[in-house]
Amino acid sequence: MRRLMEDCPEEGQRAVRDASFLAEPLWERWAGRLEAAGMDYERFLEISRGYAEEIRLWVMGERPWDHCVAGLAGRVWRRLPERAPVAGGSL
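> Any chance you could explain the overall build of the chain here in plain terms?
In terms of regular secondary structure, the chain is built from six helices and zero strands. A burial count over the chain gives 37% of its 91 residues as buried. When contacts within the chain are restricted to residue pairs at least 6 apart in sequence, those whose partners lie at least 24 apart make up 58%. Approximately 5600 Å² of the chain is accessible, and the part contributed by carbon and sulfur atoms is 46%.

> What exactly am I supposed to notice about the packing of aromatic side chains here?
Counted under the stated rule, the structure contains four aromatic pairs. Seen from their ring centres, Trp-27 and Tyr-41 are 5.6 Å apart, and the 70 degrees between their planes marks the pair as edge-to-face. In this pair, Trp-27 sits in helix α3 (residues 20–36) while Tyr-41 sits in helix α4 (residues 41–50), placing the two residues 14 residues apart along the sequence. Here the aromatic rings of Trp-58 and Trp-65 are separated by 4.9 Å at their centres, their planes lie at 55 degrees, and the arrangement is tilted. We classify Trp-58 as partly exposed; its relative accessible area is 26%. Looking at Trp-65, the relative accessible area reads 33%, which means it is partly exposed. Here a set of aromatic residues connected by ring pairs shows up, and it is made of Trp-27, Trp-30, Tyr-41 and Phe-44.

> Looking at this structure, how should I read the packing of α3 against α4?
For the pair α3 and α4, interaxial distance at closest approach is 10 Å and the crossing angle is 130 degrees. As judged from the angle between their axes, α3 and α4 are oblique. Remark: the crossing between α3 and α4 carries right-handed chirality. Of the residues in α4, those in contact with Ser-20, Ala-23, Glu-24, Leu-26, Trp-27, Trp-30 and Leu-34 of α3 are Tyr-41, Phe-44, Leu-45 and Ser-48.

> Sorry, what's going on with the environment of Leu-22 here?
For Leu-22, the location among the structural elements is in helix α3. A C-alpha to C-alpha distance of 9.2 Å links Leu-22 and Leu-45, two positions 23 residues apart in sequence. The residues touching Leu-22, leaving out its near neighbours within four places in the chain, are Ile-55, Trp-58 and Trp-65.

> How do you make sense of the nonpolar core when you look at a structure like this?
Generally speaking, a soluble globular protein has its nonpolar side chains buried in company with each other. Counting 26 residues, the largest nonpolar core has Leu-26, Trp-30, Leu-34, Met-39, Phe-44, Ile-55 and Val-76 as the members making the most contacts within it. Of all the elements in the fold, those that place two or more residues in this core are α3, α4, α5 (52–59) and α6 (65–78). If one sorts the elements of this core by residue count, α3 sits on top with seven residues.

> Explain the pattern of salt bridges to me, please; I cannot follow it from the model alone.
Pairing of side chains with opposite charge becomes possible as their charged atoms draw close. Throughout the structure, instances matching the rule amount to five salt bridges. Close ionic contact of Arg-56 with Glu-53 constitutes a salt bridge, the shortest N to O distance being 2.6 Å. Highlighted residues: Arg-56 and Glu-53, both in helix α5, separated by three residues, approximately one helical turn. Among the residues examined, Arg-56 registers a relative accessible area of 18% and is labelled buried. The partner of Arg-63 in a salt bridge is Glu-54, with the nearest N and O atoms 3.3 Å apart.

Scoring rules and cut-offs
- Here the residue numbering is sequential within each chain, running from 1 through the sequence in written order.
- Selection of residues for local features in this predicted model requires a pLDDT of at least 70, selection of side-chain atom pairs for listing and counting requires 80 or more, and totals for whole chains, interfaces and linings are taken over all residues.
- Note that the side-chain values use all heavy atoms of the structure and ignore hydrogens as well as water.
- Strands are runs of DSSP state E lasting at least two residues, helices are runs of H or I lasting at least four, and both sets are numbered from the N terminus onward.
- Buried, partly exposed and exposed residues are distinguished by accessible area as a fraction of the type maximum, computed with a 1.4 Å probe on protein chains only: under 20%, between the cut-offs, and over 50%, respectively.
- Any two residues having at least one pair of non-hydrogen atoms within 4.5 Å are treated as being in contact.
- Each accessible area is a Shrake-Rupley estimate made with a 1.4 Å probe; only the visible protein chains count as cover when residues are assessed.
- Centre distance within 6.5 Å is the pairing criterion for rings of Phe, Tyr and Trp, where only the six-membered ring of Trp is used; planes under 30 degrees apart are then read as stacked, over 60 as edge-to-face, and the remainder as tilted.
- Angles shown run from 0 to 180 degrees and are taken between the N-to-C directions of axes, each axis being a line fitted to C-alpha atoms and, for helices, limited to the stretch in contact.
- Every angle not falling under 35 degrees, over 145, or within 65 to 115 is termed oblique; those three ranges are roughly parallel, roughly antiparallel and roughly perpendicular.
- A crossing counts as left-handed when the near helix is turned anticlockwise from the far one by less than a right angle, and as right-handed when that turn is clockwise.
- Nine residue types can take part in a nonpolar core, namely buried Ala, Val, Leu, Ile, Met, Phe, Trp, Tyr and Cys, and a core is a set of them joined through side-chain atoms within 4.5 Å.
- Salt-bridge detection follows one rule: a side-chain nitrogen of Lys or Arg within 4 Å of a carboxyl oxygen of Asp or Glu.

Treat this as a map of the structure, not an account of what it does.
What follows is the structure, given as structure tokens:
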């Protein structure tokens, strides 16, 4: 993704804004807990897309992975339906 951002910035920006390159593998890992809490993939992808600027900073090496993924997890956590908390309290 970084190479794409460097070689073709417009295409790279579109891919980062789409966020599916990151959302798909995270969904595979988090889906069970998120679905149990009432969140589907489309909502997760929407939230991920709203986090695109932070994802871009990670892709470009300006933010560490831990910072990026923790920030996205927190954003997702705050948007879970209150009626269905995630078992264990985190992703």
